Each structure stands twice: as C-alpha cells, then as structure tokens.
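Here are the chains, one letter per residue:
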Amino acid sequence: MRKTIIAGNWKMYKTIKEAIELSNGLKRELFKLDNQDIDVVLCPPFTALSEVYEVITESNIMLGAQNLYWLDEGAFTGEVSGKMLKEAGCNFVIIGHSERRQFFGETNESVNKKIKAALANELTPILCCGETLKEREAGKTFDVLKDHAQNGLAGISKEGILKIVIAYEPVWAIGTGKTATSVQAQEAHKFIRDLLAKLYDQEVAGQVRIQYGGSVKPENITELMQQPDVDGALVGGASLQVASFTDIVKKAAEVLK
Ligand code: 13P
C-alpha cells in the first residue's frame, strides 16, 4: 500500500512573515483532520524554511525544499546544499522541476547528481518529469517521461529508488488552469510505473509513489486521486492559501476511506 503524499510547492511566493502565517493556518486546520494516512509536505522558499519548520514541528506536517546543489559545501555562490537543508529541518526536496529545467538550465545530468546528493543527506527527492504541450502534440509524451525518469535515475540502486517520490507534471498544465484529465494522468503514471518495473522490478514499481502536479485544485483532486496509479499531488497555486490546500488534503483523505 502506497501512502498518499500531498505536497505544496510554494515556488517564489511568501516572505518569511507570510510563510509563518500560512503554515500556522495550515497547522491549525490540518491538525483537526485525521490525516495520519497522508504525508503532507510544505515546500517554502529557502529563506522561510527554518521559520516554517519551527511552526510545524510537533505537527503531522513535514518540510521540503525546492532545489539543492549536489555538493555539501564549497565556493558555489548562490547555492544551497543537502546538508544545509537537512539541518534546516527538511525531509524532502523537489528536484528537476520543469521551471528549473526551462529557466535555469537544469538537465537530466544535474538532476541525477542532485538526487544522489539528496539521498546521501537522507532527504527524500521528489523527481519531477513531464512533457511540454509541443511534445505532447508531437506524440512524444512517453519518450520524454522515459528520458526524464531513466536518465534522472541513472546509477540509483534499488534501495535508493525505494526512497524516491516521482512527480508527473505536464508542463502545459502548470499554472495554466488546464489540468490533465484523470485519464491522461493515469496513462502517464501507469507508463512511469511500468518503466520502473523494467528498470528495477515489480516490487519497486508497486512501492514507488507517483504524484500528479499541474493545476491541482479542490475541484479536481478527488477524480485524480481515484486513479489507481495516482498516489498524491504536487500543488502549486492552490497551496498558497489555507482554505484551498486544506480542502485538497481533506478531499484526498476522503478518497482513502
Ligand atoms: P500549479 O498547481 O500552480 O499548476 O503548479 C504545479 C506545480 O508546478 C507544482 O510543482
């Protein structure tokens, strides 16, 4: 049985003050819910990690970062290491988000190094993969998923992959209000799971969690979560408000009943 994981990717939103306010609100609301069956993760900007950690300690909410560098320390101006994230209270780190691939030159090679660094620092990597609209229309969705997953996971052992979460995020559905239909999401998730069976084995395919991301909202979470290979969501815009993120977690919990 794969445990549902709902993560909020706050992207470059929320000052420290706003982040404290949002995480306090979420803690209050989610505390009331019986969400023991769900991993809830907040991924604020680096500047707010420690403060959000202070708010959510002793709650059932966990902390994640949005990126890391693959070395522990050194002369790498502007970078943050896995060791630093761990110390700040993180358990998770998003790696290879399409915005990083698109705007910051992230490649499968850098993604792969970052995954290894995350695992070495006992952080759970959330490996993002997904096609652009152009790639989908050209019938290349599965090729892109294979490229992102297979190369991102190069050299990762079975022990390693079992600690990784994969996020399928079709680029055309991110921040656009266009969600992949539950059928499209299920098809992509199933493809990734079958690929894991080929790259590793059935046990890995059965255990690795695959989240969907791209315009997830309270209105579409139920149908997405009803798909057999959708194990959670990576939420952008709707994670920035207490009401919408709480609603998403609540509705995901209802599907589990
Ligand atoms: P939206 O939910 O705003 O579409 O963002 C999705 C995303 O990129 C999460 O990582």
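Located above this text is the structure these notes cover.
In this report, we go over the structure that sits alongside the text. (Residues numbered from 1 in each chain as written. Predicted model: local features only at pLDDT ≥ 70, side-chain atom pairs only at ≥ 80, totals over all residues. Heavy atoms only, no water.)

A few points about the side chain of D39
Examined against the element boundaries, D39 turns out to sit in strand β2 (residues 38–43). By relative accessible area, which is 11% here, D39 ends up buried. Residues within four places of D39 in sequence aside, it is in contact with K3, T4, I5, I6, M62 and R209. (Helix = DSSP H or I, 4+ residues; strand = E, 2+ residues; numbered from the N terminus. Buried < 20%, exposed > 50% of the residue type's maximum accessible area, 1.4 Å probe, protein only. Contact = heavy atoms within 4.5 Å.)

Observations concerning the site of the ligand
Lining the immediate surroundings of the ligand are 13 residues, of which K11, H97, G175, S215 and G237 lie closest. In the environment of the ligand, an oxygen atom lies 2.8 Å from a nitrogen or oxygen atom belonging to the side chain of K11. Backbone polar atom of G236 to an oxygen atom of the ligand: 2.9 Å apart, as the coordinates give it. The protein chains hide 94% of the 310 Å² of surface that the ligand would expose on its own. Within the shell around the ligand, the residues separate by chemical class into 4 nonpolar, 7 polar and 2 charged. (Near = heavy atom within 4 Å. Polar contact = N/O pair within 3.5 Å; in protein donor to acceptor, adjacent residues only side chain to side chain. Areas by Shrake-Rupley, 256 points an atom, 1.4 Å probe, with all protein chains shown as cover. Nonpolar A, V, L, I, M, F, W, Y, C, P; charged D, E, K, R; others polar.)

Points about the sheet that holds strand β3 (residues 61–65)
Strands sit in the order β1-β2-β3-β4-β5-β6-β7-β8 around a closed barrel of 8 strands; the barrel is parallel. With strand direction ignored, the average angle separating the axes of adjacent strands in the sheet is 25°. Relative to strand β4 (residues 92–95), β3 is paired through 2 bridges, and the arrangement is parallel. Residue pairing in the sheet places A65 in a bridge with V93 of β4. (Pairing = 2+ DSSP bridges. Axes fitted to C-alpha atoms, helices over the stretch in contact; angles between N-to-C directions.)

Remarks on the packing of aromatic side chains
What the rule picks out here adds up to 5 aromatic pairs. Judged by centre distance (4.9 Å) and plane angle (40°), the rings of Y69 and F76 are tilted. Accessibility expressed as a relative area gives 35% for F76, which makes it partly exposed. These aromatic residues form a ring-pair network of at least three members: Y69, W70 and F76. (Phe/Tyr/Trp six-rings, centres within 6.5 Å; stacked < 30°, edge-to-face > 60°.)

Re the nonpolar core
Within the largest apolar cluster, 67 residues are counted, with the highest numbers of intra-cluster contacts made by I6, L85, I161, L196 and Y212. Residues contacting L196, with those up to four places away along its chain left out, are L153, I161, I166, D201, V204, A205 and V208. V41, F92, C128 and V165 belong to the second largest nonpolar core, which has 11 residues in total. (Core = buried A, V, L, I, M, F, W, Y, C linked by side-chain atoms within 4.5 Å.)

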